[in-house]
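Observations on chain architecture
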Amino acid sequence: MILNLYLAKRFLRTFGGLLLVFLLMSLLIDVVEHLRRLASTSATFGQVAQLALLNAPQGIYTILPLVLILATVALFLGLARSSELVVVRAAGRSALRAVISPAVTAFLVGVLAVAVMNPIVAATSKRYSVLLEDYRSGGRDVISLSAEGLWLRQGGAEGQTVIRAARSNPQATELYDVTMVQYAPNAGPTQRIEARKARLIDGAWELTDVRTWPLDQGLNPQARTEQLERIEVPSTLTEARIRDTFGEPSAIPIWDLPTYIHLLTESGFSARRHAVWFQMELARPLFLVALVLVSAAFTMRHVRFGNTGVAVLTAVMLGFALYYLRNFIQIMGENGQVPVALAAWAPPIASLLLAIGLLLHKEDG
């Protein structure tokens, strides 16, 4: 137990040091990049720094597998150079037993990342997107789901329009049982529109079976109600912008994802992308363990054997290969080419079996 705790503490120190280095590098690069992107706006340096801080958790969360790979390599190279690894093996510890502490630590880091860091990343990335669009264009289009249906907000020079629909097609380009409330710039509502159907065409919503109420002050809305067969309401939305406005599944906390997936399905949208992400997040701790075992398989060797650089390069490249293979299968799952469970759980399980096979080969020759 003492040896296990020693290895776990040393692995955590190495991991924490590397994480801090990558965090500082990420912040520096983000500040420079946002200064360039917002050079033509009125954003101050403080606002740019705020954007970089909000974007940092997402960047760290993305490169977490890489940090664990490098921490494992650094740990076992350090143990080999100090001959501690030789002592551990001479004491009768097998390769599998020696790597248990880093593997368990990586699993706990993965659980903590999914349970705690995932909601933090979701909140900061959402706030980052809002502030970035505010600094760049002064506003943005918003789409959200609730139990009451689908809500959209579109903006333009003429003002804002809030749209609610009971349901829609999977692309959100056709809405049903629609209510629109139009607002003047920096003022209150000017018109309410209800329609049986709204279809997004080039630069406008095409409404059918329409009823309108003027909401200007001094007017009786009910007395001036109009019944129309078809009208067009200008819109800045496109199918691509609607898809982008929904945001990445990573912008939704993992604790809220099951409810969000249910709302997507009830509203007529495809929830496959979010379902794949949800399952992959659940499988993340297992995948991190597999990366640690793979890295250990190539670096649990004494330095006198030589070719240390080749072993390190092989461990890092294999870790990268497994990571990108996981992302490739994720895309296949989102496109419906493989089942959701297979896309999420096959890469970590296959990586784990590969790592155990490499360790057993190293142990038994």
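Up top is the structure.
Along every chain, residues carry numbers that run from 1 in the direction the sequence is written. Reporting of local features is limited, given that this is a predicted model, to residues whose pLDDT is at least 70; pairs of side-chain atoms are given and counted only at 80 or more, and all residues count toward the totals for whole chains, interfaces and linings. No hydrogens and no water enter the side-chain calculation; it runs on all heavy atoms of the structure.

A few words on the overall build of the protein. Within the protein, the secondary structure is distributed over 11 helices and 7 strands. Throughout, exposure labels follow a simple rule: accessible area from a 1.4 Å probe, protein chains only, divided by the maximum for the residue type, with under 20% read as buried, over 50% as exposed, and the rest as partly exposed. When the 365 residues of the protein are sorted by exposure, 43% land in the buried category. The contacts in the protein between residues at least 6 apart in sequence include a share of 62% that link residues at least 24 apart. Per-residue accessibility takes into account occlusion by the displayed protein chains alone, with areas from the Shrake-Rupley method and a 1.4 Å probe. By element, 61% of the accessible surface of the protein is carried by carbon and sulfur atoms, the whole surface being about 18400 Å². Think of it this way: any DSSP run of H or I at least four residues long counts as a helix, any run of E at least two long counts as a strand, and we number them from the N terminus. Residues are treated as being in contact if the distance between any of their heavy atoms lies within 4.5 Å.

This part is about the packing of helix α3 (residues 64–81) against helix α9 (residues 272–299). For any two helices packed against each other, one specifies the inter-axial angle together with the distance between the axes. An axis is simply a line fitted to the C-alpha atoms; with a helix, the fit covers only the stretch in contact. Between two such axes, the angle follows the N-to-C directions and lies from 0 to 180 degrees. Interhelical geometry of α3 versus α9 gives an angle of 35° and a closest axis separation of 9 Å. α3 and α9 meet at a crossing whose hand is right-handed. Across the interface between the two elements, Leu64, Pro65, Leu68, Ile69, Thr72, Val73 and Phe76 of α3 pack against Arg284, Leu288, Leu291, Val292, Ser295, Ala296 and Thr299 of α9. For the contact of α3 with α9, the per-class residue count stands at 10 nonpolar, 3 polar and 1 charged. Left-handed describes a crossing whose near helix is turned anticlockwise from the far helix through less than a right angle; right-handed describes the clockwise counterpart. Note on residue categories: nonpolar means Ala, Val, Leu, Ile, Met, Phe, Trp, Tyr, Cys or Pro, charged means Asp, Glu, Lys or Arg, and polar means any other residue, Gly included.

What follows covers the environment of Thr161. Looking at the element boundaries, Thr161 is found in strand β3 (residues 159–168). Sequence spacing of Thr161 and Val181 is 20 residues, and the spatial spacing of their C-alpha atoms is 5.6 Å. Not counting residues within four places of it along the chain, the set of residues in contact with Thr161 comprises Leu152, Arg153, Gln154, Met180, Val181 and Gln182.

A few words now on the pattern of salt bridges. Here a salt bridge means any side-chain nitrogen of Lys or Arg lying within 4 Å of a carboxyl oxygen belonging to Asp or Glu. Considering all chains together, one arrives at 8 salt bridges under this definition. A salt bridge links Arg192 to Glu194; its shortest N-O distance comes to 2.4 Å. For Glu206, the salt bridge is made with Arg199, and the minimal N-O distance between the two is 2.8 Å. Taken together, the shared-partner salt bridges connect Arg199, Glu206, Arg230 and Glu232 into one network.

Attention now goes to α3. Since the α-helix packs 3.6 residues into each turn, any two residues three or four apart lie on the same face. How far a helix is expected to stretch is found by multiplying one less than its residue total by 1.5 Å. Between its first and last C-alpha atoms α3 spans 26 Å; for 18 residues at 1.5 Å apiece the expected length is 26 Å, and the two agree. Judged by how many residues are buried, α3 sits mostly within the fold: 13 of 18 residues are covered. Ser83 sits one or two residues past α3 and shows a positive phi near 65°.

On the secondary structure map, Gln182 appears in strand β4 (residues 174–183). The contact partners of Gln182, leaving out residues within four places of it in the chain, are Gln160, Thr161, Gly188, Pro189, Thr190, Gln191, Ile193 and Val233.

For the rest of this paragraph, the subject is unusual backbone geometry. We note that Asp177 has phi near 55°; this positive angle belongs to a residue other than glycine. The topology assignment puts Asp177 in strand β4. For Asp209, which is not glycine, the phi dihedral falls at a positive 55°. Among the structural elements, Asp209 can be located in strand β6 (residues 204–214).

Let's shift gears to the environment of Ser295. Within the fold, Ser295 resides in helix α9. Using a relative accessible area of 0% as the deciding quantity, one classes Ser295 as buried. Remark: the alpha-carbon pair of Ser295 and Thr314, spanning 19 residues in sequence, is separated by 8.6 Å. When neighbours within four sequence positions are excluded, Ser295 is seen to be in contact with Ile69, Thr72, Val73 and Ala315.

Moving on to the nonpolar core. Nonpolar side chains in soluble globular proteins tend to end up buried together. Residues belong to one nonpolar core when they are buried, are Ala, Val, Leu, Ile, Met, Phe, Trp, Tyr or Cys, and are joined through side-chain atoms within 4.5 Å. Phe15, Leu68, Phe76, Val99, Leu293 and Met300 are the most contacted members of the largest nonpolar core, which totals 52 residues. It is α9 that provides the largest number of residues to this core, a total of 13 residues. In terms of nonpolar packing, the next biggest core, distinct from the first, is built from 17 residues, Val178, Met180, Ile231 and Val233 among them.

Another aspect to go through is the side chain of Thr179. In this structure, Thr179 sits in strand β4. Among the residues examined, Thr179 registers a relative accessible area of 19% and is labelled buried. Excluding residues that lie within four positions of it along the chain, Thr179 makes contacts with Val162, Ile163, Arg164, Arg192, Ile193 and Glu194.

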